[in-house]
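# Fold and geometry: a report
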Amino acid sequence: MAKPERFVFVCINERPPGHPRGSCTLRGSQEVVAKFDELLESKDLYDRVSLVRTRCLGPCLEGPIVAVFPDNVWYKEVTPGDVEEIVEEHLINNRPVERIRLKDEEWD
Ligand code: FES
């Protein structure tokens, strides 16, 4: 296995229903990580990109949260429909997807 160039962290943290911060899993992150897995496999990117299922990354209220490192680019409210654009534009063409980017001032 080659050394990854990038890590894609997808929060799959789950909290009980009714928790004030909710969780990325309750907002659909399992479907998001499944779509990343499908596309990284089909586009043969797993030798360059590592997909990491992770616990809470912090900005729960903006979830599902995806973070791409070492770029330090964070995405908010990611849906399965956004994943192909992240893969094509960011991971392949090195252009982060601005329309769903989590800005520093949006951390809560
Ligand atoms: S639960 Fe996903 S960022 Fe906190």
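It should be emphasised that the depicted structure is a prediction, and the values quoted were computed from it without experimental measurement.

## Brief notes about the nonpolar core
Counting residues in hydrophobic clusters, the biggest one holds 21 residues, and the most contacted among them are Val10, Val32, Phe36, Ile65, Val66 and Tyr75. Elements with a contribution of two residues or more to this core: strand S1 (6-11), helix H1 (29-42), strand S3 (66-69), strand S4 (73-75) and helix H2 (80-92).

## Some remarks on the pairing of S3
The sheet contact formed by S1 and S3 spans 4 bridges and is antiparallel. Bridge pairing links Phe9 to Ala67 in S3. Relative to S4, S3 is paired through 3 bridges, and the arrangement is antiparallel. Bridging across to S4, Val68 finds its partner in Val73. The hairpin formed by S3 and S4 contains 3 residues between the paired strands, and Asn72 there has a positive phi angle of roughly 60°.

## A few points about H2
For H2, built from 13 residues, the straight-helix expectation of 18 Å at 1.5 Å per residue is met to within 8% by its first-to-last C-alpha distance of 18 Å. Those residues of H2 that sit buried are Val83, Ile86, Val87, His90 and Leu91. Residues of H2 that are buried in the fold lie against S1, H1, strand S2 (49-54), S3 and S4. Count one or two residues on from H2 and you reach Asn94, which has phi positive near 60°.

## Quick look at the sheet that holds S3
On the basis of which strands lie adjacent, the open sheet formed by 4 strands has the order S2-S1-S3-S4 and mixed pairing. Pairing within the sheet leaves two strands with one partner each, and these edge strands are S2 and S4. Put simply, the sheet's adjacent strands are angled 20° from each other on average, direction ignored. Against the sheet, H1 contacts S1, S2 and S3, and its axis sits at roughly 155° relative to S1.

## Overview of unusual backbone geometry
Across the junction of Gly63 and Pro64, the peptide omega takes the value 0°, indicating a cis bond. Mapped onto the elements, Pro64 comes out in the loop between S2 and S3. With omega at 10°, the peptide bond leading from Phe69 into Pro70 counts as cis. Along the chain, Pro70 turns up in the loop between S3 and S4. For Asp44, which is not glycine, the phi torsion reads 55° and is therefore positive.

Criteria and cut-off values
Residues numbered from 1 in each chain as written. Predicted model: local features only at pLDDT ≥ 70, side-chain atom pairs only at ≥ 80, totals over all residues. Core = buried A, V, L, I, M, F, W, Y, C linked by C-beta atoms within 7 Å. Buried ≥ 20, exposed ≤ 12 C-beta atoms within 10 Å, placed from the backbone. Helix = DSSP H or I, 4+ residues; strand = E, 2+ residues; numbered from the N terminus. Pairing = 2+ DSSP bridges. Expected span 1.5 Å × (residues − 1). Contact = placed C-beta atoms within 7 Å. Axes fitted to C-alpha atoms, helices over the stretch in contact; angles between N-to-C directions.

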